[in-house]
Amino acid sequence: MSKPVKIFWRIFFGGMGFIILFLLMLNWGWIGDMPDIEDIENPTALQASQVYAQDGYLMGKYYIEDRINVYYKDISKHAINALVATEDKRFYEHSGIDAQGLARAFVYLGSQGGASTITMQTAKNLFTENWSTKNFLLRSIQKLKECIIAIKLEKNFTKEEILTLYLNTVAFGDNVFGIRNGAKTFFQKEPDRLNIEESAVLIGMINGPGLYNPRRNPRQALERRNLVLNRMVQKNYLSSTEAEVLKRKPIEINFKKLDESAGLGPYFRMVLGEDMKKWCKTHKKSNGDNYDLYRDGLRIYTTINPRMQMYAEEAAATQMSFMQKLLNAQDNIKSGAVWKDHENILEAAMKQSDRWHYMKKEGISEEEIKASFQQKIQMHVFAWNKTRGKDTIMSPYDSIKYSRQMMQLGFMVMDPLTGEIKAWVGGIDFKTFKFDHANINTKRQVGSTIKPLLYSLAIEEAGFTPNTTVEDQQQSFGEYGLVPATGKTCTGASITMAEALAKSRNCASAYIMKQLDQTGNNGAKRFVEYLKRCDLQAKVEPYPSIALGSCEISLFEMMQAYSMFPGRGMNAKPMYITRIEDRNGNVLESFSPKRKEVISEVTAYSIAKMMQGVVQYGTGASIWQYDLPGNLELAGKTGTTNDNSDAWFMGYTPQLLAGTWVGSDDRFIHLNTTSYYGQGAHAAMPIWAYFYAKAAADPNCGLDPSQTFVKPDVMSNDIILDYINGTSPKLGGEVEDQGNGTILDYDVPKDTKTEEIKPESDLNIEDAKKLQLKSDELKPQTAPKVPDSKTPAPTNKPVEKGKGLMPPPTKKPGIGK
């Protein structure tokens, strides 16, 4: 053998050895990362965690990449055929690497198509996506790794499984990943329902999710779809005649992306997400890592009833749009006088804005930044219209005023026997206002809604009954002064406790607190301890004024406290998760109701019957102007704080408990103190009524209005006063709640004359009598037209027979987005 030939063979075998060694080093992961055999046998991709309602309805997701996996049987055969015809026509013939494709790509330098097979693309999507680089040498190494992984995939998976893996990982633009999300986002269909042309649109997007997006580039998407149809003809998946018919059709999409702002219960999903993050920190996967809400594809099953949630959001939109119109019509709002002496709040909001932080980061002085906030610009703001927004021109400073002048609400619906939350509305529009007013951390003065809790303590521990006579007189609490601070609304009458609750008599409530008070301030301390037994987490100071609701408690806590009344004495902790599963359906944790006895069944029934008086003859009697079932057994309590800053209504039936708060984030923004509509019965209670009227009429909600509160066997027949079933012998008909005051209103030093605090309503007892409604006037009626700014709401004008006092459901409201 000649010397040149020897050199040639040495170089040849040396080169072959080097290539083999290099490939082995790549395979072993000595050069860059390489997934081990276990990872390849169990491939994973980032998956969105999904939130399901009680009936399995998908409410929303948490994700970095919006991806949900499906099985091969769940994918339309048209999508499979379109993929193979377009991306890898010899897919069923090769073993991961297409030799013809490699040769073509090498000869034509890729101008006639690439060499990647579906299997190689799957390898890239699953294992090498983060290795992407524009460096030719590194990209060549990555391609070699993809070939090695592709061969391993072909050895471990069937062709159908590889196709499924690929379609579960491919991107469709708009941060949508996987065939299921693509089908749901662009066509509102499950992937097995896709027809030929829809499949062609989605498969056509794979090579250019942005370029061939039918929402953004309809012309390019149409051309790409038709190319896919032609490829399907070439592979005999489609006849040329069928293809020509389909190519003449326009692309019809039904685009709807489920994000944090869209869909049912966005406020609820935000709270749920924060709870799930905490859960993930304390629960580990089999590999020892903590679960990741945004990556691990958890399935979270909740107690939310989607129909009830929809009706709750509709009820909130109906009432709050009406309330906002009333507020906007006030002179102090129109003139801006409401902000007098409160400019510090606007300045603080200005400095917390993204605009301020961005300009500050750019080195702009505070004077220049403030000046820019006074310059009018074009912007999009929230509005009570169909789209929940409008384009306008205003200064950023005025936009802060505009936003903070929006009235807000919290509304929650719960099964009082189990604590399962059925609906949750935390505000008027999650997209614009993220702060949740139903959250346990959002606390407001509760006003007269505290009274049923006080009265239940008196019955449970102090020997009171609904028949017990109480004095409607101002009470002295020594160094804490007089409660209430003003005696104007005290009638001085001796009335039953049932009547005092129905008419929400502040002075009578102070009297009951005084009867619990045996050693100075012991009554208030005793009440605070009782509230703790009800699992209220709010810090309530033991001042006598808490008898009138001066304390701040969240709607969430009030729901738990009230659950013992329809729950026959059992306090039910609110719950909204039933179970959590991993991506494969394995149950990681299940949750069950947590109940404990706080009061006796007799006390619970007594309070329920007393609270029926509230809605039959008391402060909540106007609720029957709505289309509620005539046989409904309903108990409730209104609540209003001073200056109409907070409006409440807590109501329940034997099956359902719902609570509502209405107000503004800044307490000084409210309806005028003389406004009839600022009271809890007319600001908050309509939301409850709108909701229940819809839910009771829907069989899917499972409500039975004919159910009644079960009377305990040990209870005597005469323990409930005849007042509950007849007309009050002492006071007039529907009256208004009275202002509760604050802690400072009652912390009066000795020898100091107590100042009178103006009650929340200017109505005295004579005015209340003028508002008396006879029982035959309390049937459901159609409410009058919403008053405009030129037609002030009634304050002390007698109600004409047949005329309602509530905002009308003039048209079916949409769900706020």
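This text follows the structure it describes.
Below, the structure is looked at part by part.

Cut-offs applied
Residues numbered from 1 in each chain as written. Predicted model: local features only at pLDDT ≥ 70, side-chain atom pairs only at ≥ 80, totals over all residues. Heavy atoms only, no water. Patch = residues over 30% accessible without salt bridge, like charges linked within 9 Å, V, L, I, M, F, W, Y side chains within 5 Å. Areas by Shrake-Rupley, 256 points an atom, 1.4 Å probe, with all protein chains shown as cover. Salt bridge = Lys/Arg side-chain N within 4 Å of Asp/Glu carboxyl O. Helix = DSSP H or I, 4+ residues; strand = E, 2+ residues; numbered from the N terminus. Buried < 20%, exposed > 50% of the residue type's maximum accessible area, 1.4 Å probe, protein only. Pairing = 2+ DSSP bridges. Core = buried A, V, L, I, M, F, W, Y, C linked by side-chain atoms within 4.5 Å. Contact = heavy atoms within 4.5 Å. Axes fitted to C-alpha atoms, helices over the stretch in contact; angles between N-to-C directions. Parallel < 35°, antiparallel > 145°, perpendicular 65-115°, else oblique. Nonpolar A, V, L, I, M, F, W, Y, C, P; charged D, E, K, R; others polar. Left-handed = near helix turned anticlockwise from the far one by under 90°.

Brief notes about a nonpolar patch on the surface
A surface patch of nonpolar side chains, amounting to about 300 Å² of accessible area, comprises Phe-12, Phe-13 and Met-16. One can find Phe-13 in helix 1 (residues 3–28).

Thoughts on the pattern of salt bridges
Tallied over the full model, the rule gives 33 salt bridges. Where Lys-277 meets Glu-274, a salt bridge forms, and the shortest distance between an N and an O atom there is 3.1 Å. With Lys-277 and Glu-274 both in helix 12 (residues 266–281), this residue pair falls three residues apart, about one helical turn. Overall, Glu-274 belongs to the partly exposed group, its relative accessible area being 41%. One salt bridge in this structure joins Asp-666 and Arg-404, with 2.8 Å as the shortest N-O distance.

A closer look at the pairing of strand 5 (residues 299–302)
Summarising the sheet, strand 1 (residues 49–52) and strand 5 pair through three bridges and their orientation is parallel. The residue bridging Tyr-52 from the neighbouring strand is Tyr-301, located in strand 5. Note: strand 5 against strand 17 (residues 577–581), four bridges, orientation antiparallel. Bridged to Tyr-301 within strand 17 is Arg-579.

Some details on the nonpolar core
Trp-424, Phe-527, Ile-623, Tyr-652 and Phe-691 are the most contacted members of the largest nonpolar core, which totals 159 residues. Broken down by element, this core gets its largest block of residues, 11 residues, from helix 13 (residues 306–328). When residues no more than four places from it in sequence are discounted, the contact partners of Phe-527 are Ile-450, Leu-453, Leu-454, Leu-457, Met-513 and Ile-546.

Comments concerning the sheet that holds strand 21 (residues 646–652)
The strand order across the open sheet formed by five strands is 9-8-22-21-20, and the pairing between neighbours is antiparallel. Whereas interior strands pair on both sides, the edge strands pair on one side only; in this sheet they are strand 9 (421–425) and strand 20 (635–640). Here the strands of the sheet are splayed against their neighbours by 5° on average, with no regard to which way each runs. Direction of pairing for strand 8 (residues 408–414) relative to strand 22 (residues 657–663): antiparallel, over a ladder of seven bridges. Residue pairing across strands places Val-413 opposite Ala-658, the latter belonging to strand 22.

Things to note about the packing of helix 3 (residues 77–87) against helix 10 (residues 218–234)
Helix 10 packs onto helix 3 with a crossing angle of 90° between their chain directions and a minimal axis gap of 8 Å. Between helix 3 and helix 10, the crossing angle belongs to the class labelled roughly perpendicular. Contact residues: His-78, Asn-81, Ala-82, Ala-85, Thr-86 and Glu-87 in helix 3; Arg-224, Val-228, Arg-231 and Met-232 in helix 10. Residue composition of the contact of helix 3 with helix 10, by class: four nonpolar, three polar and three charged.

Side note on the packing of helix 9 (residues 196–205) against helix 10
Running from N to C, helix 9 and helix 10 point in directions that differ by 110°, and their axes come no closer than 8 Å. Our classification of the angle between helix 9 and helix 10 gives roughly perpendicular. Both helix 9 and helix 10 take part in a crossing whose hand is right-handed. Here Ile-196, Glu-197, Ala-200, Val-201 and Gly-204 of helix 9 lie close against helix 10, whose contacting residues are Arg-224, Arg-225, Val-228, Leu-229 and Met-232.

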